[in-house]
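A structural walkthrough
What follows is each chain in one-letter form.
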Amino acid sequence: MQGAIGRVCMVVAAAILNHPFLFPHENTTLPEQDEDLVARMREHEMRLEMEQARLEKELEQLEEPPSDEGFTWYFWSAVSFVIFIAIEMCRVDLAEDEICPVEDEDVISETGSAPPRMMDKNSLRNFCDKCTYTSSHDNWRVREFVEGFADDLLESLRRICDREVDMEVGDFIGVGSMFESWKVCKPLMCDLLVPFSPPDPHSFQYHLWCSSSSDIPPDMQGCGTIKVTMFGEDEEGCLCGSANLGEDMLCLLHKNKVVKVNRSPDELLCSNSTHFLTKDQVMRWFQISVTKAWGRISHKYDFEVTFRSLDAVGALKIRFRFGKVVVLNLIPVVQLEDTDAYFVSHFPSNRNGFPDPYWPLSLAVYERNLLKYFAKRLPQNSCHLHCLQVATFLHRKQSSLTGESALTSYHIKTTVVHLLLSTKTTAWGAASLEQRLQDVFSFLQRSLREKRLYHALIGNSKVPEDIQVPERFRKAEPVNLFRSLVLQRELYAATVRHFQEMLRNAPVLIEEYTPHLSNGSLHHHLEDSL
């Protein structure tokens, strides 16, 4: 009997000790090619099953009428069962601790995922000094020119539009690296959001992915649909569009307006079968309108304007006579109610986009405000913008060598924002540039490994309330920007190779494009090389 009890304890101990959660490893996934390891595990499992079967057979033979020895057997069995349950409960706690998400602070101190050797400190600082001079010297002039030209172009566009029929165009909003003071790579590029709204008596009705009644597919996280409706079609709207008020009655909201109710879906930029606003129709309308608007004012300017890409309408390439080029991305957008969130027709950095009728939501204005918020609280000459400049420069140069990948400059910016939200402000001093840049690459490396990079503002409780991100987005589930990499294995492999090559080439690229002093002269000009 004692031998049987000993064997029971041995089987229980073996089962517990061989459970993967008791002694967790960093990577619990099994390599597909390690057939040797799989075979050994199966052999071990068969031995345990044979031992269990032999034990059960012996227990059947030892069944006897209750006696003192029998009661002793039941007592030790109960004790073994209690011990087994207690260890199981502890193991569940360990599993929960293992599965829980790791805080951003852990990423910074994590050395196991640190990338290879970094750049020479002197070269890196020389590079950043030159970036700062070039950016501050050129960006303010480019922004001033772009803002004046965009104002003139959009005013011309409004003149050629029929306000009773066409969409109404609002004032532009500058976003992106040029307006956040971290632009480094040429050509100089400015992103301008251009809001538009439907003619009366129509309005836009929005359906977000994060609403409780949403029917938007899971792979369209961060998107919404826009339905074109008439006032009076829902209970909250004005009834003047659907009710006959008579000649002697006027609507206080829409007085002196002629109500037109029989517009085709094409006129409202909707698909033929639905009343949902489509990006294709909007982009076609916008391209035609911008072309006509430029035709009216082109005689006033002494430069050439062409469409940079047929796929990205509003991407204008301005070439001056002395050779300088400025790229202006006019992006038609729809404002979400009275917030600073916008549904965008396309992202300049994302050529694939989302299918109609789904519109991606942009919180670029809140992101710009967040960077301004940090600029006021970080140490003087903080290194957070330098980190953005160096990382995006390396990414752009690597893309020119090996081609495009799923990684974009927006992913790098998101990484830096996550680190800003989870790191003490004192850690971003000018002297900490190398360490913070190492943190950026470590964070991005782990995000690629896990195929998970969450949007910096959506579902993130760390965002300061001063930024005034709408509550519906603060409380929403986080949106994974790397979701496309989960199912597209080839794209994921290409992106990982791109990132690894970028890290390997980083010291060489920084050294090559860093100006060196020789006999008092520069023999490498960064502003020309970039």
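Everything numeric in this text was worked out from a predicted model, so none of it was measured. (Residues numbered from 1 in each chain as written. Predicted model: local features only at pLDDT ≥ 70, side-chain atom pairs only at ≥ 80, totals over all residues. Heavy atoms only, no water.)

1. A word on helix 10 (residues 409–422)
Residue pairs three or four apart in sequence face the same way in an α-helix, which turns once every 3.6 residues. Taking 1.5 Å per residue as the helical rise, helix 10 with its 14 residues ought to reach 20 Å, and the 20 Å between its terminal C-alpha atoms agrees with that figure. Looking at helix 10, one finds that the buried residues are His411, Ile412, Lys413, Thr414, Thr415, Val416, Val417, His418, Leu419, Leu420, Leu421 and Ser422. (Helix = DSSP H or I, 4+ residues; strand = E, 2+ residues; numbered from the N terminus. Expected span 1.5 Å × (residues − 1). Buried < 20%, exposed > 50% of the residue type's maximum accessible area, 1.4 Å probe, protein only.)

2. Quick notes on the packing of helix 8 (residues 364–377) against helix 10
Following both chains from N to C, one finds helix 8 and helix 10 inclined at 45°, their axes separated by 12 Å at the closest point. Comparing their axes, helix 10 and helix 8 come out oblique. When the axes of helix 8 and helix 10 are compared, the crossing they make is left-handed. Contacts between helix 8 and helix 10 involve Glu367, Leu370, Leu371 and Phe374 on the former and, on the latter, Tyr410, Lys413, Val417, Leu420 and Leu421. Considering only residue class, the contact of helix 8 with helix 10 consists of seven nonpolar, no polar and two charged. (Axes fitted to C-alpha atoms, helices over the stretch in contact; angles between N-to-C directions. Parallel < 35°, antiparallel > 145°, perpendicular 65-115°, else oblique. Left-handed = near helix turned anticlockwise from the far one by under 90°. Contact = heavy atoms within 4.5 Å. Nonpolar A, V, L, I, M, F, W, Y, C, P; charged D, E, K, R; others polar.)

3. Notes on the pairing of strand 5 (residues 223–230)
Regular strands place their side chains on alternate faces of the sheet. By the criterion of burial, strand 5 is predominantly enclosed, with seven of the eight residues buried. Two strands pair when backbone bridges link them, and strand 4 (residues 202–208) and strand 5 are joined in this way by seven bridges, in the antiparallel orientation. Among the inter-strand pairings, His202 is bridged to a residue of strand 5, identified as Met230. Strand direction decides the pairing type here: strand 5 and strand 10 (residues 359–362), joined by two bridges, are antiparallel. By the bridge assignment, Cys223 is partnered in strand 10 with Pro360. (Pairing = 2+ DSSP bridges.)

4. Remarks on the environment of Tyr373
Along the chain, Tyr373 turns up in helix 8. Note: C-alpha distance between Tyr373 and Pro464 (91 residues apart in sequence) is 9.1 Å. For Tyr373, the residues in contact, after removing those within four places along its chain, are Pro464, Asp466 and Ile467.

5. Things to note about the confidence of the model for the chain
Put simply, the chain has an average pLDDT of 77, and 66% of its residues get 70 or more. Mean pLDDT across the elements of the chain ranges from a minimum in strand 11 (residues 517–518), with 38, to a maximum in helix 10, with 96. A low-confidence stretch, residues 20–33 stays under pLDDT 50, and its non-local contacts, those more than four residues away or across chains, total 13 contacts. Predicted confidence is poor over residues 255–261, with pLDDT under 50, and the contacts of this stretch with residues over four places away or in other chains come to ten contacts. (pLDDT = per-residue confidence, 0-100.)

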